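Spelled out from the first residue to the last, the chains are:
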Amino acid sequence: MTRQVRDVNGRLWTVHGTLEWRTPATEDDFEHDVAAGYVPGVVMLVLISVLVVALVAWMPTDVFVPGWLVLLIVLAILFFPARWAIRRPWTLIAETGDDGDGEPTERWMGTIRGYFSARNEITRIAKEISQDTQPSYEGILKPLT
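Residues numbered from 1 in each chain as written. Predicted model: local features only at pLDDT ≥ 70, side-chain atom pairs only at ≥ 80, totals over all residues. Heavy atoms only, no water.

The name an unreviewed UniProt entry gives the protein chain is DUF983 domain-containing protein, with Actinokineospora diospyrosa as the organism.

What follows is the structure in structure tokens.
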């Protein structure tokens, strides 16, 4: 998601967002960082797989399972991974100018959770820049020094 926006002074801003696969660590999260990594997810996946295999193996042969029930079970199993993927954090960046070395002269950065929230926030930031000279201080973006 990248947008080019021109502010009221004529400067060209680039507003873009990137998906973060890991939640960025902040100073507020330092004391509460007790994540065990991917091991609990793997254990749960193995446990669910064993239970599904046991259910199918012990099912009597004369039981008819309708297709819609199988589809419903698959959708229920895929709900949580899909929700996890949609709710990943996004880093939003608005930058403008060039100092001669290819680096932006002004750069604002912030983090938001969720694809749809990130898309709406980029649209809002682009609108703020087009109506003013920089992003709003009340938004999620904060200037980097």
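The next thing to look at is the UniProt feature "transmembrane region" (unreviewed entry) in the protein chain. Feature annotation in UniProt places "transmembrane region" (unreviewed entry) on residues 38-59 and 65-86, given in this structure's numbering. Along residues 65-86 the backbone is 91% helical and 0% strand, and the end-to-end C-alpha distance reaches 31 Å. (UniProt positions renumbered as here; feature names shortened; annotations may be inferred. Helix = DSSP H or I, 4+ residues; strand = E, 2+ residues; numbered from the N terminus.)

A word on the nonpolar core. General note: in soluble globular proteins, nonpolar side chains tend to be found buried as a group. With 14 residues, the main nonpolar core has Val15, Leu92, Ala94, Ile125, Ile129 and Leu141 as its most contacted residues. Those elements that provide at least two residues to this core are β2 (12-19), β3 (89-96), β4 (106-113) and α3 (115-131). By residue number, the principal contributor to this core is α3, which donates five residues. In this structure Val15 touches Met1, Thr2, Arg3, Ile93, Ala94, Ile122, Ile125 and Ile129, once residues within four positions along its chain are discounted. (Core = buried A, V, L, I, M, F, W, Y, C linked by side-chain atoms within 4.5 Å. Buried < 20%, exposed > 50% of the residue type's maximum accessible area, 1.4 Å probe, protein only. Contact = heavy atoms within 4.5 Å.)

Roughly 240 Å³ of volume is contained in the second largest pocket. Lining of the second largest pocket is provided by Val52, Leu55, Val56, Met59, Val65, Leu69, Val70, Ile73 and Ile77. Mapped by element, the contributors of at least two residues to the lining of the second largest pocket are α1 (39-57) and α2 (67-86). Examining the composition of the lining of the second largest pocket, we find that four residues originate from one element, α2, more than from any other. (1 Å grid on protein atoms, 1.4 Å probe; cavity = no way out; pocket = protein on both sides within 12 Å on 5 of 7 lines; lining within 4 Å. Points joined across faces, edges and corners; volume = space filled by probe spheres on them.)

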